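# Remarks on the overall topology
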Amino acid sequence: MRVLVVEDEKRLAETLRWGLVAEGYAVDVANDGPDGLELAMSNPYQAIILDIMLPRMNGYRVCAELRTQGITTPVLMLTAKNGEYDEAEALDTGADDFLSKPFSYVVLQARLRALIRRGRTGGSSVLTFGDLAVDQARRTVMRAGQPITLTTKEFAVLECLLRHDGSAVTKREILDEVWDMAYQGDPNIVEVYVSALRRKVDAPFGRRTIATVRGVGYRMVSDD
């Protein structure tokens, strides 16, 4: 899943980025309001972590502009301020949740997961396709009751395919959702991960649920 961090404290922004990358997220970072707004409006993020006190354009204005433009990406707002009026203003401008600095990274992770669940799957953390179950909160994969061990990127690619619910997903869409904007490598890396998923998720169970759509990309199909 791809997340945007908009934070002007560069040390904190990098700490958040590395922590989230270690959890399997693709993370882009902006250090001021206009740059954050531009990225949020031009990329498919599953969530945005947005500081309030930003240079050039504060987080309230960024969030309000996103909502005005019809962008409904879940927003977790961060602030060094305290007080119920700050929280109320954050929520009134369209933020989905609010966290005051200093905060526990464990709490931030939990709130981020909850926002993504609500935004994508109506509150459930588990994506299913037949007897395949992917738990986004626990980062586990089961098929026919058997656990499957995946790398972080394999998990993210499978998650991406499942979230599209049987629709075809292009390589570019997978790259945009799973890799961050800094990735400049070969787009055929997607094929490498899809092949690995087929070996781990399909082949041992005699299935062919990850299908190639010629000229387009990939999609999940029933092999009944």
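The coordinates are above.
Residues numbered from 1 in each chain as written. Predicted model: local features only at pLDDT ≥ 70, side-chain atom pairs only at ≥ 80, totals over all residues. Heavy atoms only, no water.

## What to know about the side chain of E177
Quick note on the threshold: Helix and strand labels come from DSSP, where a helix needs a run of H or I of at least four residues and a strand needs a run of E of at least two; each type is numbered from the N terminus. Contacts are residue-level and defined by heavy atoms, with any inter-residue pair within 4.5 Å sufficient.
Within the element layout of this structure, E177 appears in helix α7 (residues 171-178). Apart from residues lying up to four places away in sequence, E177 is in contact with M1, R2, A26, P44, Q46, C160, R163 and H164.

## A word on unusual backbone geometry
K101 connects to P102 through a cis peptide bond whose omega is -10 degrees. Even without being a glycine, D165 presents a positive backbone phi close to 50 degrees.

## Concerning the environment of N58
Threshold: Throughout this description, a polar contact denotes any pair of N or O atoms lying within 3.5 Å of each other; where both atoms belong to protein, one of them has to be capable of donating a hydrogen while the other can accept it, and for residues adjacent in sequence the pair is counted only when both atoms sit in side chains.
Assignment of secondary structure puts N58 in the loop between β3 (47-51) and α3 (59-68). Separated by 152 residues in the primary sequence, N58 and I210 place their C-alpha atoms 43 Å from one another. A polar side-chain atom of N58 sits 3.0 Å from the main-chain amide nitrogen of Y60. A polar side-chain atom of N58 sits 2.9 Å from the main-chain amide nitrogen of R61.

## Things to note about the sheet that holds strand β1 (residues 2-6)
Heads up, the rule is: When DSSP finds at least two bridges between two strands, those strands are taken to pair. Axis definition: a line fitted to C-alpha atoms, limited for helices to the stretch in contact. Angles are taken between N-to-C directions and run from 0 to 180 degrees.
Overall, parallel pairing links the 5 strands, which are arranged β2-β1-β3-β4-β5 in an open sheet. With partners counted over all chains shown, the strands left at the sheet margins are β2 (26-30) and β5 (97-100), one partner each. The sheet shows a mean angle of 20 degrees between the axes of neighbouring strands, direction not considered. Those strands touched by helix α1 (residues 10-22) are β1, β2, β3 and β4 (75-79), and its axis lies near 170 degrees from that of β2.

## A word on empty space enclosed by the protein
Selection rule: As defined here, a cavity is a set of points on a 1 Å grid over the protein atoms alone where a 1.4 Å probe fits but cannot get out. A pocket is an open set with protein on both sides within 12 Å along at least five of seven lines, and residues line them when an atom is within 4 Å of a point. Grid points are joined across faces, edges and corners, and a volume is the space filled by probe spheres set on the points. Amino acids outside the nonpolar list (Ala, Val, Leu, Ile, Met, Phe, Trp, Tyr, Cys, Pro) and the charged list (Asp, Glu, Lys, Arg) are all regarded as polar, and Gly is one of them.
Counted under the stated rule, the structure contains 1 cavity of 30 Å³ or more. Looking at the largest cavity, its volume works out to about 50 Å³. The wall of the largest cavity is formed by M1, Y25, R113, I116, R117, Q136 and A137. Considering only residue class, the lining of the largest cavity consists of 4 nonpolar, 1 polar and 2 charged.

## A look at the nonpolar core
Rules: Nine residue types can take part in a nonpolar core, namely buried Ala, Val, Leu, Ile, Met, Phe, Trp, Tyr and Cys, and a core is a set of them joined through side-chain atoms within 4.5 Å. Burial classes follow relative accessibility: with a 1.4 Å probe on protein chains only, a residue under 20% of its type's maximum area counts as buried, one over 50% as exposed, and anything between as partly exposed.
If you look at the biggest cluster of nonpolar residues, it comprises 26 residues, and the most contacted ones within it are V141, L150, V157, L158, L161, L162 and I174. Of all elements in the fold, only β6 (126-129), β7 (132-135), α6 (152-163), α7, α8 (189-202) and β12 (217-220) reach the threshold of two or more residues within this core. Tallying contributions element by element places α6 first for this core, with 7 residues. Residues within four places of V141 in sequence aside, it is in contact with L132, A133, V134, Q146, P147, I148, L150, F155 and L158. Counting 22 residues, the second-largest nonpolar core is a separate cluster that includes V6, Y45, V62 and A95.

## Some words on the sheet that holds strand β9 (residues 146-148)
Strand order in the open sheet formed by 4 strands is β6-β7-β8-β9, with antiparallel pairing between adjacent strands. Sheet topology places β6 and β9 at the edges, where each strand pairs with a single neighbour. Strand-to-strand twist in this sheet, taken as the mean axis angle between neighbours without regard to direction, amounts to 25 degrees. Strand direction decides the pairing type here: β6 and β7, joined by 4 bridges, are antiparallel. Bridging from a neighbouring strand, V126 pairs with D135 of β7. Across the sheet, α6 is in contact with β6, β7 and β8 (140-143); its angle to β7 comes to roughly 115 degrees.

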